[in-house]
There are 2 protein chains.
Amino acid sequence: MANWFSRFSRAPRSVDTPRLRARGGEQATTKVELAEFTPDLVEFLGRSAYVQLMLFENLSRAISTAPTTAAKTAIGRAAELSMAKHRRLVGEIVRAGEDPSTVMQPFTRIVDDFERDTRGGDWFETVVTCYLTAGFLDDFFSRLARGLHDDTGRRIAAIFTGESGEALLAELLTEAIEENPRLSARLAMWGRRLVGDTMLVARSALQYSEDHRSDEARIEPVFTTLITAHTQRMDALGLMA
Amino acid sequence: MANWFSRFSRAPRSVDTPRLRARGGEQATTKVELAEFTPDLVEFLGRSAYVQLMLFENLSRAISTAPTTAAKTAIGRAAELSMAKHRRLVGEIVRAGEDPSTVMQPFTRIVDDFERDTRGGDWFETVVTCYLTAGFLDDFFSRLARGLHDDTGRRIAAIFTGESGEALLAELLTEAIEENPRLSARLAMWGRRLVGDTMLVARSALQYSEDHRSDEARIEPVFTTLITAHTQRMDALGLMA
């Protein structure tokens, strides 16, 4: 874990596409995959459904403290989309013949801890958390879902790649930073801080083999890709990652 | 205002259908209407859209403090339906050529005050608030919407009579009361208390004529009907209204 975080903190700009290509020894067009680390269906669904619920709760909190009704409405739309994802995942749990709350229960602690650690000190940080962690985790779970059985995998991956409130949140944040440029440095620092905790909660979802060292070598390029996407999300707000 | 509330508090069981018939001098089948008190479209939409947002925020709060993940998921569904209503109302504001946040702004104070006064002291009271105030206000706004212009009125009324989380919330509360019967008296008292504040926020939406006394006489049967429905919602939980 430490190496990912410290590398990102020190020199995020070096984590770019050319480097990814050189490191992985692959063509950029070769898709890096997580499929071999996918846990069984029920575990996958229990964890990701509870993560989605947490992401929804973060958005709800951002609505309550929003400075304008326009912001409330925009975040409300993002929250609605987030809840719809949670509900589709709960639907998949029921379809698999399991009880949603039983299946989510084992993951409440790690996810609640993540929520607490990434809550942010004010409304702006909370919205940055909503924007960056949902983007990262949707991206992660859609990749991980591809390791599930054929049709099920495709159907579940589509839940995570479906419509999200990302653009709405980016717009809100961009406006806020334009109005108050002094926010920029603080939110950039917050965005950099989030990546460590977000990766931890993502990595806890991976099912490792006996050969941990070999696993790490194969996981690394995927996380590099996820971090690159995180950096791009920060770029979209004009924040230095 | 006072007469509604005190009557309800003193002898709620007397507010039943036969009495309504006798008082109004009408057949029970004659629909009591609010149409003549409907404000103009933009005012109606601004107020009701902000009310819906507040109802959604109440549900969100109930999710964050829910004791079980099953409760989180159930309330989450109710929250999603509530947000969808808000968004449809915002869509109607845009359709009317207005800016949603500008149009909602005049109503933030009264609605925020209502939210604060009806927040409840714990999770159970919060869920009772969500259940009873949403039921009352949906009922109220759907009636008031019928005074809007033809097609528009029907379309907007349908937003309020559409799918809601009422049954889900009733189920959660019924289970909670069955598990802990001592909750019953406290939640019954809370439910009775809510009706006064809820009527106040509803009545503030009415556009009165010059003849206030005559207005009151025509409004009374409608509110009697709304209170009867409120009583039935409490009955459904086994609570004495």
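Please read these numbers as outputs of a predicted model, since none were measured by experiment. (Residues numbered from 1 in each chain as written. Chains lettered and ligands numbered in written order. Predicted model: local features only at pLDDT ≥ 70, side-chain atom pairs only at ≥ 80, totals over all residues. Heavy atoms only, no water.)

Novice: Any details on the relation of the copies chain A and chain B? Residues and values, ideally.
Specialist: Mapping chain A onto chain B calls for a rotation angle of 180° and an axial translation of 0.0 Å; the resulting RMSD is 0.0 Å. Interpreted geometrically, this transformation is the action of a two-fold axis. By residue overlap, the copies meet face to face through one surface: 100% of the interface positions of chain A are interface positions in chain B. (Least-squares fit on C-alpha atoms with pLDDT ≥ 70 in both. Contact = heavy atoms within 4.5 Å.)

Novice: Quick rundown of the environment of A:Tyr208? Include the residues and the values.
Specialist: Residue and element names in this part refer to chain A. Its location among the elements puts Tyr208 in the loop between helix 10 (183–203) and helix 11 (212–236). Given a relative accessible area of 26%, Tyr208 falls into the partly exposed group. Between the alpha carbons of Tyr208 and Pro39 there is a distance of 9.0 Å; along the sequence they are 169 residues apart. Apart from the residues within four sequence positions on either side, Tyr208 is in contact with Arg203, Asp215, Glu216 and Ile219. (Helix = DSSP H or I, 4+ residues; strand = E, 2+ residues; numbered from the N terminus. Buried < 20%, exposed > 50% of the residue type's maximum accessible area, 1.4 Å probe, protein only.)

Novice: Give me the lowdown on the interface of chain A and chain B, citing residues and values where you can.
Specialist: On the chain B side, the residues contacting the 25 residues of chain A number 25 residues. Taken together, both faces of the contact between chain A and chain B bury some 2,000 Å²; the carbon and sulfur share is 62%. Applying the counting criterion to the chain A and chain B interface returns four salt bridges. As a salt-bridge pair, B:Arg87 and A:Glu80 come within 2.4 Å of each other at their nearest N and O atoms. For the pair chain A and chain B, the interface holds 11 residue pairs in polar contact (both at pLDDT 80 or more). Sorting elements by how many residues they give to the side of chain A that touches chain B places helix 4 (residues 69–95) of chain A first, with 13 residues. Among the residues forming the side of chain A that touches chain B, the class breakdown is 10 nonpolar, nine polar and six charged. (Buried area = accessible area lost by both parts, 1.4 Å probe. Salt bridge = Lys/Arg side-chain N within 4 Å of Asp/Glu carboxyl O. Polar contact = N/O pair within 3.5 Å; in protein donor to acceptor, adjacent residues only side chain to side chain. Nonpolar A, V, L, I, M, F, W, Y, C, P; charged D, E, K, R; others polar.)

Novice: Run through the nonpolar core, naming residues and quoting values.
Specialist: Across soluble globular proteins, you tend to see nonpolar side chains buried next to one another. A:Phe140 and B:Phe140 are the most contacted members of the largest nonpolar core, which has 145 residues in total. Ranked by residue count, the leading element in this core is helix 7 (residues 123–145) of chain B, at 13 residues. Apart from residues lying up to four places away in sequence, A:Phe140 is in contact with A:Leu34, A:Ala202, A:Ala205, A:Leu206, A:Phe223 and A:Leu226. (Core = buried A, V, L, I, M, F, W, Y, C linked by side-chain atoms within 4.5 Å.)

Novice: So what about a negative patch on the surface? Which residues, and what values?
Specialist: Residue and element names in this part refer to chain A. There is a patch of like negative charges on the surface, built from Glu171, Glu175, Glu178 and Glu179. Following the sequence through the fold, Glu179 ends up in helix 9 (residues 166–179). Judged by relative accessible area, which is 70%, Glu179 ranks as exposed. (Patch = residues over 30% accessible without salt bridge, like charges linked within 9 Å, V, L, I, M, F, W, Y side chains within 5 Å. Areas by Shrake-Rupley, 256 points an atom, 1.4 Å probe, with all protein chains shown as cover. Lys, Arg positive; Asp, Glu negative; His and termini not counted. Charge placed at Lys NZ, Arg CZ, Asp CG, Glu CD.)

Novice: If you had to explain the pattern of salt bridges to someone new, which residues and values would you point to?
Specialist: Throughout the structure, instances matching the rule amount to 42 salt bridges over all chains. A:Arg203 is paired through a salt bridge with A:Glu216; the nearest N and O atoms lie 2.6 Å apart. In this pair, A:Arg203 is assigned in helix 10 and A:Glu216 in helix 11, connecting sequence segments 13 residues apart. Given the relative accessible area of 7%, A:Arg203 is considered buried. The partner of B:Arg154 in a salt bridge is B:Asp151, with the nearest N and O atoms 2.8 Å apart. Of the two residues, B:Arg154 and B:Asp151 are both situated in helix 8 (residues 150–161); the distance of three residues between them amounts to about one turn of the helix.

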